[in-house]
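Topology and contacts: notes
Next come the chains, spelled out residue by residue.
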Number of protein chains: 2
Amino acid sequence: MSTLSAQPFSGNSGFNAHHSPMGAFFSFTCGNPGTQGGMACESGRPGTQDVFVGYKTGPAGKPGTLVCLPLFTGAKDTAASAFLVEQADKKSPTESRVVAYTAEQIKRYYGWASDRWVTPDLQLTIYTPFGSIPDPAKASAGEMREAIVPAVIVELTIDNTHSTEVKTGFFALQFSSPGVRVLDESLGDGRLGFAWRRDMGFVGEIVSDGASAPFGFCHFTPQAGLSEVNYRLHHLGAAPGIAFEVAPGHKRTLRLAIGCYLDGIVTTRLEGRYLYTRYFGSLADVLGYALDRYEQTVLRCVERDQELASSKLSADQQFLLAHSTRSYYGSTQLLEVGGQPFWIVNEGEYCMLNTLDLSVDHVFWELKHNPWLVRNLLENFVRFYSYRDQVKVPDGKGGFTLAPGGISFSHDMGVNNNFSPLTHSSYELTNLDGCFSHMTVEQVCNWTLMAGSYVTATNDLEWLTNRWPIVHDCLLSMQNRDHVDASKRTGVMQLDSSRCGIGAEITTYDSLDHSLAQSRNNLYIAVKCWATYLSLAMMFQKMGDTRHKEQALKSAGLAARTVTSKMTDAGFIPAVFEQGNPGCLSRILPAIEGLVYPLYWKQLGSEVATAALDDEGAFASMLSALERHTRTLLGDEGNRFPDGGLRLSSTSGNSWMSKIAIVQHVARKYYGIEKGDARQKAADAAHVKWQTQGDSTYWAMSDQIVNGVAQGSKYYPRCVTTVLWMDE
Amino acid sequence: MSTLSAQPFSGNSGFNAHHSPMGAFFSFTCGNPGTQGGMACESGRPGTQDVFVGYKTGPAGKPGTLVCLPLFTGAKDTAASAFLVEQADKKSPTESRVVAYTAEQIKRYYGWASDRWVTPDLQLTIYTPFGSIPDPAKASAGEMREAIVPAVIVELTIDNTHSTEVKTGFFALQFSSPGVRVLDESLGDGRLGFAWRRDMGFVGEIVSDGASAPFGFCHFTPQAGLSEVNYRLHHLGAAPGIAFEVAPGHKRTLRLAIGCYLDGIVTTRLEGRYLYTRYFGSLADVLGYALDRYEQTVLRCVERDQELASSKLSADQQFLLAHSTRSYYGSTQLLEVGGQPFWIVNEGEYCMLNTLDLSVDHVFWELKHNPWLVRNLLENFVRFYSYRDQVKVPDGKGGFTLAPGGISFSHDMGVNNNFSPLTHSSYELTNLDGCFSHMTVEQVCNWTLMAGSYVTATNDLEWLTNRWPIVHDCLLSMQNRDHVDASKRTGVMQLDSSRCGIGAEITTYDSLDHSLAQSRNNLYIAVKCWATYLSLAMMFQKMGDTRHKEQALKSAGLAARTVTSKMTDAGFIPAVFEQGNPGCLSRILPAIEGLVYPLYWKQLGSEVATAALDDEGAFASMLSALERHTRTLLGDEGNRFPDGGLRLSSTSGNSWMSKIAIVQHVARKYYGIEKGDARQKAADAAHVKWQTQGDSTYWAMSDQIVNGVAQGSKYYPRCVTTVLWMDE
């Protein structure tokens, strides 16, 4: 009980949580009333099982009413009759049925690493430990097993202390796809389980209490399985479960491990297998180990829960971070390719591999836990998904000529376990100027910002020295994308990549509006370019390369001057600098997104960053202009939805929670804007509501919110940017 | 063109065909208008792609109308507008759309190993070669590759000889599940392809003609892909295809290989991998090889087509055999377990592994092609899925005592790639007396009948000598199930297995009615017991074991006497011999199913069988009684549906096509009943209609037909019993 946060979740507590181990691209998702969920491997959406957790009054083998948490299809319809449960039980029904607890009967406690439902008769807790994944080059097999066991653990307690009749508690899943089997190999005494093909399954055991052993059942439905008198296991059944009788006056607890094991090669082109297959031999090994380590794992989760609960974050902020954390890990996939670890974060519902403009946002999270995974990403982008291009220089006659560009990195590494052709993303296409065009300059920024963050956090000079040529290439590339004619440079990207063909580069905000569509002369990109030059300067300084450091700082200065010069009398800087572009009228909060990097580096002790953020330093004017811009946008007429949530662009109803989190962090930490005031509280409350109303409740953490409801980027990893709030 | 049968299919030619290689549990299913189909691995139903095969007038990169075969969702709705195609093309539409040929515009030629659609502008042929699979213990890798390459081949010809505009022909699939990728590795010059994850894909090449190369496209829909001007390949697309331009006045032909490659272990408990992974290294290897061997494969298919076309079978019979053949191979799965081949036939939509009461029906097919696979099945049943039980002897007081039973075999070996616990099927349950009860005696019969058939067909005395103990056990088991008290034996099963608990054994006709529900004292089982004793006698004779041969013949004699004694004045033998049982009133055609075995053995030269079938021999009375029974049932008041199709039980609307085929064969070949007469023709026509109307058209070959429409046992392998007709 020690992991309970003081108060249950106060909003709509019926939402899916993406309960996931680290690096297994596996989830046991549940929580949304009335829809399917459960186990899923390598999927951009919740599983397709109905989850039945509850009890039946009386022993197994007789008809009766199953009282369950509302985690199955139709649970909302049965909930209306739930108030009849007590009467129904007393009537000795001749036919089994299922009723669900109503929302009012359930309290949900949503911690950082535990998710608990409490009703008058039962408690269900799902634990999702997370933390450091050791570098397999250095760690023991035992350490690796603990970190990357592809399973979550679950505890179900049935409280029958106030009843005079036996209750039969159960955990069961009803599968929609054929493949259920009994898992009866290598489990050890007192344990039993079921699996779905070779891929995933669950194993349970009763916390030792000397009473009757739990038993497995499998039938076409759980209600049939629990009332069947002739047999318990039908191998053709689709609804396996574990049940246990609880005598009147007693409480009993079932512990479960729910996990997966995908052996063999799972990706194409770069052929990878899960790193966990190096440390676990089978699904039974995974699930048995998870149960063996049950108590230690709970302790780790309790520590995480306490860490968050005792932080300065408000309850709403805590929810957003906890919810984000689960959906982050649900998208992670730690593979082994060619004998080397290969870290992948899948892009939520889209399942793109290592979308680089997400990676850069995850860096704050990963550097807290696993800096070697950031290095792994940087390396894999260089080795497999970097390219060199040319840039398109306008010829003044409506056409262009080509000039040397430089290095960049593809938007992603593929999609749905398929690595895309090397040096190419699955996303980017030629000859477009909207969604699916190239993000060439932004990906140079992203890689460079990640590299600078990694080096600053770890001081890994060996890596930096090895990759000096790439860092140097990034400087050249940034400069050429500004302009190949040094005299025309503004510090800000002006030239599109030849990879665009007749099209133009776009930003990561691909489905927002014109304000963040084009990269060229874009305010968001401009400040990001400035930060990128700082990152370069910081790395060159670490290498003692003063000449390039100065070059980088010079470009940063140009960028700052350009941005500052665009300030309007209305107190904001236009989203797009080009006259006549509709983006001129848009006011965008991501103007200050780029400040997050020096802010982060400063916290890590970087001199370059500290100097850069000095309000009497070289960039003071830009920083001041951006403050004015931000105050305008967050002021009375500001970028805000009617519910108080933040609007990234004044001209769009599209907002991304992960990016809002960054903007809030910069505004609060650097500018002291909306720090704990009523507006912050209203915004946080709105952002919680966005995740816990309408369809959002099905999709766990979702990033792209249109007018308050998840419309895209669902089931998404990126909102772990909320971890920045811990540093305020 | 040489493979065209003389006449196109004359009925409703819009039906799915289960185009499948041998032993890969893979299919490229298509043909049913307006529904999805396409590629599927290890699935009990058609794939979930829309199949687009056709042409667009004009080059790629422009909008236009796609004219397709109706192999996609909604094709039936677009077909109405198809008559406007010519006009539409002339209008240079600004938006692409898809229209489907109407049924009237398509002729379909359905051969034994080729399936061809012909329209005024195109021809599509899918080739599915089949034949012998060599024993890998003896065959070369080259022979194995040819036999078990997990791919089918396809030929698409676009005829533009009568047009003045270029046409763009294409083959494309629109996937419903994420995972499409370009297959750009190891294909060789002039070939291109796409895949779905690691599992399956297609590769194509143009028959060399010096004109422009084919090109790949991938977009969200094929119409978008073929009109897109900016790019051809989007790796996020779900609709990949291969297209080729055809100049006015020309014809061009695209050859395709469509196949799968599942590496690694695919089953549980008994861990197996596909045997083809021993001979092929990758999906690209499979598809490349299939194209390399294209012409030889077509020749093999042409031979098969000609073999069937030149047989004595009527067009309706030819269709039923050809349709059955495809659905048989679509369910086959040749694995390697523990270094040894392991042959599995999955049970159609139910995906049970090696359902033994299907295996015995497949034996006529497999012994023609691959006797070693029958031995493989016999061995695997002995090693993994045989058991010993007791029998229940009624105690005269409504209860029973237990007595020694003997060997039997489980109903199946598992389900959905999951091997069930050894010695247990996934199907059979305790304490039942209907569906899902045990089929203990019938499975003793089935194994023994298969063994006798195998030995008679191959004269493999080495195997028989090794397995003499098992054959002997089968005799004991049959006798004990008749009665443990020798004085009470009737030759017919009277005692249920202890595995039934308080329930009773059932027959393979588990969802028919009471006439074929219980095994005990059942006419169908009685004649099957008789045949089983003959099989035992035949095997004992081969081993020179006269004593046991005589024992077996004695039991056969008892069985025959029992059956004969049940003849009623109405000229039929009741389905169930027990007074008061509702089955007493049922008249069942499967009474003569058991005769098929001696008929088959006699054809193979068996002395025992020849003597047994002698109409002046030891069993003449029973054979005569069964003839009278059959003539009654097939007479004017007979077991017939209003459409002329056969009704297996006079009291049920359920009929199984595979079993009808056996009954027809015995009636015609042994008794000369309905041999080529109007009744046979009407029955055959009805049976064709059953497969080509209503929902049956989606499910390819289906076995269980209720009042003329497939209701169960869909997508089913067993109808290859129709191959018996070739021997009449």
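Rules used in this analysis
- Residues numbered from 1 in each chain as written.
- Chains lettered and ligands numbered in written order.
- Predicted model: local features only at pLDDT ≥ 70, side-chain atom pairs only at ≥ 80, totals over all residues.
- Heavy atoms only, no water.
- Helix = DSSP H or I, 4+ residues; strand = E, 2+ residues; numbered from the N terminus.
- Buried < 20%, exposed > 50% of the residue type's maximum accessible area, 1.4 Å probe, protein only.
- Contact = heavy atoms within 4.5 Å.
- Areas by Shrake-Rupley, 256 points an atom, 1.4 Å probe, with all protein chains shown as cover.
- Lys, Arg positive; Asp, Glu negative; His and termini not counted.
- Charge placed at Lys NZ, Arg CZ, Asp CG, Glu CD.
- Phe/Tyr/Trp six-rings, centres within 6.5 Å; stacked < 30°, edge-to-face > 60°.
- Lys NZ or Arg CZ within 6 Å of the ring centre and 35° of its normal.
- pLDDT = per-residue confidence, 0-100.
- Expected span 1.5 Å × (residues − 1).
- Least-squares fit on C-alpha atoms with pLDDT ≥ 70 in both.
- Buried area = accessible area lost by both parts, 1.4 Å probe.
- Salt bridge = Lys/Arg side-chain N within 4 Å of Asp/Glu carboxyl O.
- Pairing = 2+ DSSP bridges.
- Axes fitted to C-alpha atoms, helices over the stretch in contact; angles between N-to-C directions.
- Polar contact = N/O pair within 3.5 Å; in protein donor to acceptor, adjacent residues only side chain to side chain.
- 1 Å grid on protein atoms, 1.4 Å probe; cavity = no way out; pocket = protein on both sides within 12 Å on 5 of 7 lines; lining within 4 Å.
- Points joined across faces, edges and corners; volume = space filled by probe spheres on them.
- Nonpolar A, V, L, I, M, F, W, Y, C, P; charged D, E, K, R; others polar.
- Disulfide = S-S within 2.5 Å.

Quick word on the overall build of chain A
Looking only at helices and strands, one finds 19 helices and 28 strands in chain A. By its C-alpha atoms, chain A is 85 × 55 × 45 Å across when sized along the principal axes. Across the 728 residues in chain A, those meeting the buried criterion constitute 68%. Sequence separation of at least 24 residues holds for 70% of the intrachain contacts in chain A that already meet a minimum separation of 6. When the accessible surface of chain A is split by element, carbon and sulfur atoms take 50% of a total near 23300 Å². Positive and negative side-chain charges in chain A, numbering 63 and 74 respectively, have mean positions lying 1 Å apart.

Some words on the packing of aromatic side chains
Taken as a whole, this structure holds 74 aromatic pairs over all chains when the rule is applied. Ring geometry for Trp530(B) versus Phe619(B): centroids 5.4 Å apart, planes at 85°, classification edge-to-face. One end of the pair, Trp530(B), is in helix H13 (residues 523-542); the other, Phe619(B), is in the loop between helix H16 (607-613) and helix H17 (620-633), and 89 residues separate them in sequence. Exposure remark for Phe619(B): the relative accessible area of 6% places this residue in the buried category. Ring geometry for Phe641(B) and Trp690(B): centres 5.7 Å apart, planes at 85°, overall edge-to-face. A residue pair is termed long-range when its members are at least 10 positions apart, and Phe641(B) in the loop between H17 and strand S26 (654-656) and Trp690(B) in helix H19 (residues 678-691) qualify at 49 residues. Under the relative-accessibility criterion, Phe641(B) is labelled buried at 5%. You can call Trp690(B) buried: its relative accessible area is 0%. What links up through ring pairs into an aromatic cluster is the set Trp112(A), Phe130(A), Tyr328(A), Tyr329(A) and Trp365(A). Here Arg499(A) stacks its cationic end above the ring of Tyr387(A), 3.4 Å away from the centre of that ring. Between Arg108(B) and the ring centre of Phe15(B), over which it is positioned, the NZ or CZ distance is 3.9 Å.

Observations regarding the environment of Ala213(B)
Position of Ala213(B) relative to the elements: it lies in the loop between strand S14 (200-206) and strand S15 (215-219). With 509 residues separating them along the chain, Ala213(B) and Thr722(B) place their C-alpha atoms 44 Å apart.

Digging into the confidence of the model for chain A
Residues and elements named next belong to chain A. For chain A, mean pLDDT is 94; residues scoring 70 or higher make up 97% of the total. pLDDT under 50 marks residues 82-92. Its contacts with residues more than four places away, or in other chains, come to 12 contacts. Interface predicted TM-score (ipTM) for the complex: 0.94; the corresponding pTM is 0.95.

What to know about helix H7 (residues 315-330) of chain B
In this model, H7(B) (16 residues) spans 23 Å end to end at C-alpha, consistent with the 22 Å of a helix rising 1.5 Å per residue. Counting buried residues along H7(B), 14 of its 16 residues qualify, which places the element largely inside the surrounding structure.

Focus: the relation of the copies chain B and chain A
You can overlay chain B on chain A at an RMSD of 0.0 Å; the transform is a turn of 180° with a shift of 0.0 Å along its axis. Here the transformation between the copies is reduced to the relation of a two-fold axis. Relative to the rotation axis, the closest C-alpha in chain B is found at Gly264(B), a distance of 2.9 Å. In this assembly, 100% of the residues forming the interface of chain B have copies in chain A that are likewise at the interface, indicating an isologous arrangement.

Side note on unusual backbone geometry
Its identity is not glycine, yet Tyr715(A) carries a phi of approximately 55°, on the positive side. Residues other than glycine seldom take positive phi values, yet Asn354(B) does so here, at roughly 45°. Residue placement: Asn354(B) occurs in the loop between strand S20 (340-345) and helix H8 (356-369).

Things to note about the interface of chain B and chain A
Listed by partner, the interface residues are 37 residues for chain B and 38 residues for chain A. For the pair chain B and chain A, the two sides together bury roughly 3100 Å², of which 55% comes from carbon and sulfur. Of all residues in chain B, Arg198(B), Asn230(B) and Leu236(B) give up the largest surface area on contact with chain A, accounting jointly for 18% of the area buried on that side. At the junction of chain B with chain A, the criterion picks out 4 salt bridges. A salt bridge links Arg269(B) to Asp184(A), with the nearest nitrogen and oxygen atoms 2.9 Å apart.

Remarks on the pairing of strand S21 (residues 386-394) of chain A
All names here are of chain A. Pairing of S21 with strand S22 (residues 400-409), which is carried by 8 bridges, proceeds in the antiparallel orientation. Across the sheet, the residue bridging to Val393 is Thr401, located in S22. As consecutive antiparallel partners, S21 and S22 are separated by 5 residues, and within that stretch Gly396 has a phi angle of approximately 80°, a positive value. Bridge count for S21 against strand S25 (residues 496-497) is 2 bridges, and the pairing is antiparallel. From the neighbouring strand, Lys392 faces S25, where its bridge partner is Asp496.

Details of the sheet that holds strand S28 (residues 709-712) of chain B
All names here are of chain B. What the 3 strands build is an open sheet, ordered S26-S27-S28; its pairing is antiparallel. This sheet does not close on itself; its edge strands, each paired only once, are S26 and S28. For this sheet, the mean angle separating the axes of adjacent strands, direction not counted, is 45°. With 3 bridges joining them, strand S27 (residues 704-706) and S28 adopt antiparallel strand pairing. Pairing of Ile705 across the sheet is with Ala710, part of S28.

What about the side chain of Asn32(A)?
All names here are of chain A. Assignment of secondary structure puts Asn32 in the loop between strand S2 (26-30) and strand S3 (38-41). Asn32 gets classed as buried once you look at its relative accessible area, which sits at 7%. There is a polar contact of 2.7 Å between the side chain of Asn32 and the side chain of Thr697. With residues up to four places along the chain from it excluded, the contact list for Asn32 reads Gly14, Phe15, Asn16, Pro70, Leu71, Thr697 and Tyr698.

Observations concerning the side chain of Lys56(B)
All names here are of chain B. Take Lys56: it is sitting in strand S4 (residues 49-57). In terms of polar contacts, Lys56 uses its side chain to reach the backbone carbonyl oxygen of Pro59, at 2.9 Å. Apart from the residues within four sequence positions on either side, Lys56 is in contact with Lys62, Pro63, Gly64, Thr65, Leu66, Val166, Lys167, Thr168, Phe170 and Leu226.

Topic: the sheet that holds strand S7 (residues 107-110) of chain B
Residues and elements named next belong to chain B. One open sheet holds the 8 strands; their spatial order is S7-S8-S9-S10-S17-S14-S13-S12, and the pairing between them is antiparallel. If you trace the sheet from one side to the other, it starts and ends with S7 and strand S12 (180-183), each paired once. Across the sheet, the mean angle separating the axes of adjacent strands is 15° when strand polarity is ignored. Seen against the sheet, helix H5 (residues 283-292) touches strand S10 (151-159), S12, strand S13 (192-196), S14 and strand S17 (251-260) and runs at an angle of roughly 140° to S17.

Things to note about empty space enclosed by the protein
To find leftover empty space, one rolls a probe the size of a water molecule over the atoms. Enumeration over the complete set of coordinates arrives at 14 cavities of 30 Å³ or more. Forming the walls of the largest cavity are Pro129(A), Glu146(A), Val149(A), Ala151(A), Val152(A), Ile153(A), Tyr289(A), Ala290(A), Arg293(A), Thr297(A) and Arg300(A). The greatest single-element share of the lining of the largest cavity, amounting to 3 residues, is contributed by strand S10 (residues 151-159) of chain A. Across the lining of the largest cavity, the residue classes tally to 7 nonpolar, 1 polar and 3 charged. Estimated volume of the second largest cavity: approximately 80 Å³. For the second largest cavity, the full set of lining residues is Pro129(B), Glu146(B), Val149(B), Ala151(B), Ile153(B), Tyr289(B), Ala290(B), Arg293(B), Thr297(B) and Arg300(B). Listing elements by their share of the lining of the second largest cavity, those giving two or more residues are S10, H5 and helix H6 (294-309) of chain B.

Examining H13(B)
All names here are of chain B. When the terminal C-alpha atoms of H13 are compared, their 29 Å separation across 20 residues agrees well with the 28 Å that a helix rising 1.5 Å per residue should span. With 18 of its 20 residues buried, H13 lies for the most part within the structure. Taking the backbone nitrogen of Tyr524 as reference, a side-chain oxygen 2.8 Å away marks Asn522 as the first, capping residue of H13. Positive phi shows up at Gly544, right after H13, with a value of about 70°.

Quick word on the state of the cysteines
If you walk through the whole model with that rule in mind, you get 0 disulfides over all chains. We note that Cys500(A) lacks a disulfide partner, and the nearest cysteine sulfur, in Cys435(A), lies 14 Å from it. On the accessibility criterion, Cys500(A) (0% relative accessible area) is buried. Looking at Cys41(B), it has no disulfide partner, and the nearest cysteine sulfur is the one in Cys260(B), 4.2 Å off.

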